[in-house]
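Okay, here's what each chain looks like letter by letter:
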Amino acid sequence: MTPVLRLENVRKAFGRDTLVLRDVNLDVAPHTVTALIGASGSGKSTLLRCANLLEEIDDGVIFLDGEDITDPGADADAVRRRIGVVFQAYNLFPHMTVLENITLAPHRVHGVPREQATRRARELLDRLGLAEKAGAYPDRLSGGQQQRVAIARALAVRPRLLLLDEITAALDPELVGEVLNVVRDLKGDGMTMVLATHEMGFAREVADQVCFLDDGVVLERGTPEQVFGDPQEERTRRFLRRIV
Ligand code: ADP
Ligand code: MG
């Protein structure tokens, strides 16, 4: 089966000295969850940003549904429409209501008629338990609610793939659960996701594939049982000892 996302020998440097992704290879099968783990600074966010074409890669190829999206001729806007992204900081527009935040991209950027975008947004809010917050401004919501709105916003364009970058890292501990529940639900729906996370317990539970990033490569990959239960690389073992 064609992977939803494939990175082949991806290389990314910032300037001359900071080689962040040395030679990254990654396959994400349809309807699976991939967890990216690794020390701070190991390149998890950079990898996700490259996959969404927020960063230009220096070498290698990235495929989305078999299509080379790093080809200079690729339509970056069309690619981003197929990939939803949620970052650590919710990044909601403070001067817009929840509903406006969610309909902005579909309506203004992708030309979905307002009514249709609104219907979709209400459906999503309903699903995420936020129906009564449609008219609220972000500063009236808890961090967990804001992050759920950010997820709804990412889903509004019906993406093929969802990239989640440490989406619970900025939350108070008591709010983490409600956001992780949304991810569990999406997995139940068969959503293909790649998530960078420090929540090892959650990665273990939800991931089909765990990739340990180290020194610019995916040093070790496998099922959660393999990577957490029986890591083969000394550097993986050391990382897990430190973090768990
Ligand atoms: P992680 O998400 O795993 O913590 P990042 O991808 O954020 O790692 O960062 C990997 C490395 O790339 C770090 O050393 C970071 O300082 C560097 N880096 C990330 N973005 C930039 C940038 N825009 N310019 C220069 N260096 C960057
Ligand atoms: Mg990061």
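How each quantity is defined
- Residues numbered from 1 in each chain as written.
- Chains lettered and ligands numbered in written order.
- Predicted model: local features only at pLDDT ≥ 70, side-chain atom pairs only at ≥ 80, totals over all residues.
- Helix = DSSP H or I, 4+ residues; strand = E, 2+ residues; numbered from the N terminus.
- Buried ≥ 20, exposed ≤ 12 C-beta atoms within 10 Å, placed from the backbone.
- Contact = placed C-beta atoms within 7 Å.
- Core = buried A, V, L, I, M, F, W, Y, C linked by C-beta atoms within 7 Å.
- UniProt positions renumbered as here; feature names shortened; annotations may be inferred.
- Near = placed C-beta within 6 Å.
- Nonpolar A, V, L, I, M, F, W, Y, C, P; charged D, E, K, R; others polar.
- Pairing = 2+ DSSP bridges.
- Axes fitted to C-alpha atoms, helices over the stretch in contact; angles between N-to-C directions.
- Parallel < 35°, antiparallel > 145°, perpendicular 65-115°, else oblique.
- Left-handed = near helix turned anticlockwise from the far one by under 90°.

What follows is about the environment of Asp 58. Along the chain, Asp 58 turns up in the loop between α1 (44-51) and β4 (59-64). For Asp 58, a count of 14 C-beta atoms within 10 Å corresponds to the partly exposed category. Put simply, Asp 58 and Gln 232 are 174 residues apart on the chain and 30 Å apart in space, counted from C-alpha to C-alpha. Filtering out sequence-adjacent residues up to four positions away, Asp 58 remains in contact with Arg 11, Lys 12 and Ala 13.

Core analysis: the largest hydrophobic core is formed by 67 residues, its most contacted members being Leu 36, Ala 152 and Leu 163. Take this core: its biggest share by element is six residues, from helix α5 (residues 143-155). Not counting residues within four places of it along the chain, the set of residues in contact with Ala 152 comprises Ile 102, Leu 124, Leu 125 and Leu 128.

Using the residue numbers shown here, the UniProt feature "domain: ABC transporter" (unreviewed entry) corresponds to residues 5-240. This span, residues 5-240, is 38% helix and 25% strand, and a straight line between its end C-alpha atoms measures 26 Å.

The subject of this paragraph is the site of ligand 1. In the vicinity of ligand 1, the contacting residues are Phe 14, Thr 18, Val 20, Gly 38, Ser 40, Gly 41, Ser 42, Gly 43, Lys 44, Ser 45 and Thr 46. Elements that contribute at least two residues to the shell around ligand 1 include exactly β2 (18-28) and α1. Here the element with the most residues in the shell around ligand 1 is α1; it accounts for three residues. Taken together, the residues of the shell around ligand 1 break down into two nonpolar, eight polar and one charged.

A separate point is the pairing of strand β6 (residues 83-86). Every second residue of β6 is oriented toward a common face, with Ile 83 and Val 85 on one face and Gly 84 and Val 86 on the other, all of them buried. Alignment of β6 against strand β7 (residues 161-165), held across four bridges, turns out to be parallel. Note on β7: the bridge partner recorded for Val 85 is Leu 163.

Right, let's talk about the sheet that holds β2 for a bit. In space, the four strands of this open sheet follow the order β2-β1-β4-β5, with antiparallel pairing throughout. In the strand order of this sheet, the two ends are held by β2 and β5 (67-68), each with one partner. In terms of strand pairing, β4 meets β5 through two bridges, oriented antiparallel. By the bridge assignment, Leu 64 is partnered in β5 with Glu 67.

Contact pair helix α3 (residues 98-109) / α5: the axes reach a minimum separation of 8 Å and the direction vectors enclose 25 degrees. Classed by the angle they form, the pair α3 and α5 counts as roughly parallel. Of the two possible hands of crossing, α3 and α5 adopt the one that is right-handed. Side by side, α3 and α5 meet where Val 98, Asn 101 and Ile 102 of the first sit next to Val 149, Ala 152 and Arg 153 of the second.

A few words now on the sheet that holds strand β8 (residues 192-196). In space, the six strands of this open sheet follow the order β6-β7-β8-β3-β9-β10, with mixed pairing throughout. Since the sheet does not close on itself, it has two edges, and those belong to β6 and β10 (217-222), each with one partner. Between one strand and the next, the sheet's axes are offset by a mean angle of 20 degrees, whatever the strand orientation. Sitting on the sheet, α5 is in contact with β6 and β7, with an inclination near 165 degrees to β6.

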